Every structure is written in C-alpha cells, then in structure tokens.
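# Descriptive analysis of the structure
Chain residues, written in single-letter form:
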Amino acid sequence: MTVSIPFQFEPIKTGRTFTHLKIKPFYIPKNRDPNLEQKELSQQTSIRWDIDKETVLYLKEVFSFTDKGLKNNRETIKMATEREEFRDWCQEVNAMVRKFKINNPAGFFISEIKKRIEGN
C-alpha cells in the first residue's frame, strides 16, 4: 500500500544561498479515509455518547477501566452492550477474574468480550 502525503515547501536562504527547505504537510479533505476520520472524531467525544452511565461506572468499578481504556476500546464495548447477553458476559468474566486472580482485569475483559462477540 502506497501512502502519498501532500506537502508544501519553502526554501530558506542564508545570505544568497538556499540552505534549508521548510516542509509543511497539508490536509486535502477528499483524500481523507472516512474510517480514520470517524475514529479520530470518536476519540474526541465523550464515551457517554456510545455507552450509558451505569455501564461506564460498572466497568470502572469492577474491571478497573480508566477513561482512556474505555475510549481505546469504545467500539468493542459498544458492540458488546448492544447484545442482550452483555450483562451475563460481565458477570461471567468478573467471576473468571476473581477465580484466576487476573492482574489486568480490563485487558482480560476486552479479550473475553471480543471472543464472545466473534463466537456469536
């Protein structure tokens, strides 16, 4: 895959001699990947646009999610919360975290939820 980045340049003179080029990338809206644009925009909005308050609080308290962790996994959590089985999955994963004494409950939760989404 080839990526082209449009840029402008400006020669910089020292005395009468060109010694440097100042290169500035610039943005062309029609060449922008819409999926990348959507992802960047979603990173700037509150997680509460996609996930309800109770779920956010539950994930923070039970699985030790941070705001950054929720935003980084926004799409996975959003897909999972749309499933009827989501609450059951949370309880099952929480039981596994406690049983196996998992050190990173948030990471374990995301990996288990991804498996369950793909499996159904």
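Refer to the structure above for everything that follows.
To keep things clear, this report deals only with the structure shown in the data block. (Residues numbered from 1 in each chain as written. Predicted model: local features only at pLDDT ≥ 70, side-chain atom pairs only at ≥ 80, totals over all residues. Heavy atoms only, no water.)

### Points about the overall build of the protein chain
In terms of regular secondary structure, the protein chain is built from 6 helices and 2 strands. The C-alpha radius of gyration of the protein chain comes to 22 Å, more than 25% above the 14 Å expected for a compact globule of 120 residues. Looking at the 120 residues of the protein chain, the share that counts as buried comes to 25%. Counting contacts in the protein chain only where the partners sit at least 6 residues apart, residues at least 24 apart contribute 46% of the total. Looking at the protein chain as shown, the accessible area adds up to about 9,300 Å², and 52% of this sits on carbon and sulfur atoms. Treating the 22 positive side-chain charges of the protein chain as one cloud and the 17 negative ones as another, the clouds have centres 10 Å apart. (Helix = DSSP H or I, 4+ residues; strand = E, 2+ residues; numbered from the N terminus. Rg over C-alpha atoms; globule rule 2.2 N^0.38 Å. Buried < 20%, exposed > 50% of the residue type's maximum accessible area, 1.4 Å probe, protein only. Contact = heavy atoms within 4.5 Å. Areas by Shrake-Rupley, 256 points an atom, 1.4 Å probe, with all protein chains shown as cover. Lys, Arg positive; Asp, Glu negative; His and termini not counted. Charge placed at Lys NZ, Arg CZ, Asp CG, Glu CD.)

### Considering the packing of helix α5 (residues 86-100) against helix α6 (residues 105-119)
Two packed helices can be described by the angle between their axes and the distance between those axes. Contact geometry of α5 with α6 gives a least axis separation of 10 Å together with a crossing angle of 135°. Taken together, the axes of α5 and α6 are oblique relative to one another. The two elements α5 and α6 cross, and the hand of that crossing is right-handed. Each of Phe86, Trp89, Cys90, Glu92, Val93, Met96 and Val97 in α5 lies in contact with α6, whose residues at this interface are Pro105, Phe108, Phe109, Glu112, Ile113, Arg116 and Ile117. In terms of residue class, the contact of α5 with α6 is built from 11 nonpolar, no polar and 3 charged. (Axes fitted to C-alpha atoms, helices over the stretch in contact; angles between N-to-C directions. Parallel < 35°, antiparallel > 145°, perpendicular 65-115°, else oblique. Left-handed = near helix turned anticlockwise from the far one by under 90°. Nonpolar A, V, L, I, M, F, W, Y, C, P; charged D, E, K, R; others polar.)

### Quick word on a nonpolar patch on the surface
Residues Phe7, Phe9, Leu21 and Ile23 make up a contiguous nonpolar surface patch of roughly 450 Å² in combined accessible area. Among the secondary structure elements, those contributing two or more residues to the nonpolar patch are β1 (7-14) and β2 (17-25). You can call Phe7 partly exposed: its relative accessible area is 46%. (Patch = residues over 30% accessible without salt bridge, like charges linked within 9 Å, V, L, I, M, F, W, Y side chains within 5 Å. Salt bridge = Lys/Arg side-chain N within 4 Å of Asp/Glu carboxyl O.)

### Quick notes on the pairing of β2
Judged by how many residues are buried, β2 sits mostly at the surface: 0 of 9 residues are covered. With 8 bridges joining them, β1 and β2 adopt antiparallel strand pairing. Within β2, the position partnered with Phe9 by the bridge is Ile23. (Pairing = 2+ DSSP bridges.)

### Overview of the pattern of salt bridges
As enumerated under the stated definition, the model contains 6 salt bridges in all. Residue Glu112 pairs with Arg116 through a salt bridge whose shortest N-O separation is 3.8 Å. Of this pair, Glu112 and Arg116 both sit in helix α6, 4 residues apart, which is roughly one turn of the helix.

### Side note on unusual backbone geometry
Phi at Ser64 takes a positive value of approximately 60°, unusual for a residue other than glycine. With respect to the helices and strands, Ser64 occurs in the loop between α2 (53-63) and α3 (67-72). Backbone geometry places Lys101, a non-glycine residue, at a positive phi of 50°. Position of Lys101 among the secondary structure elements: in the loop between α5 and α6. The exposure class assigned to Lys101 is exposed, which follows from its relative accessible area of 67%.

### Brief notes about the packing of aromatic side chains
Tallied over the full model, the rule gives 4 aromatic pairs. On the basis of an interplanar angle of 75° and a centroid distance of 6.2 Å, the ring pair of Tyr58 and Phe63 is categorised as edge-to-face. Phe63 gets classed as buried once you look at its relative accessible area, which sits at 0%. A ring pair is formed by Phe65 and Phe109, whose centres lie 5.8 Å apart and whose planes are at 90°; its orientation type is edge-to-face. Of this pair, Phe65 sits in the loop between α2 and α3 while Phe109 sits in helix α6; the two residues are 44 residues apart in sequence, bridging distant segments of the chain. (Phe/Tyr/Trp six-rings, centres within 6.5 Å; stacked < 30°, edge-to-face > 60°.)

Interpretation note: all reported values are geometric properties and have no functional meaning in isolation.
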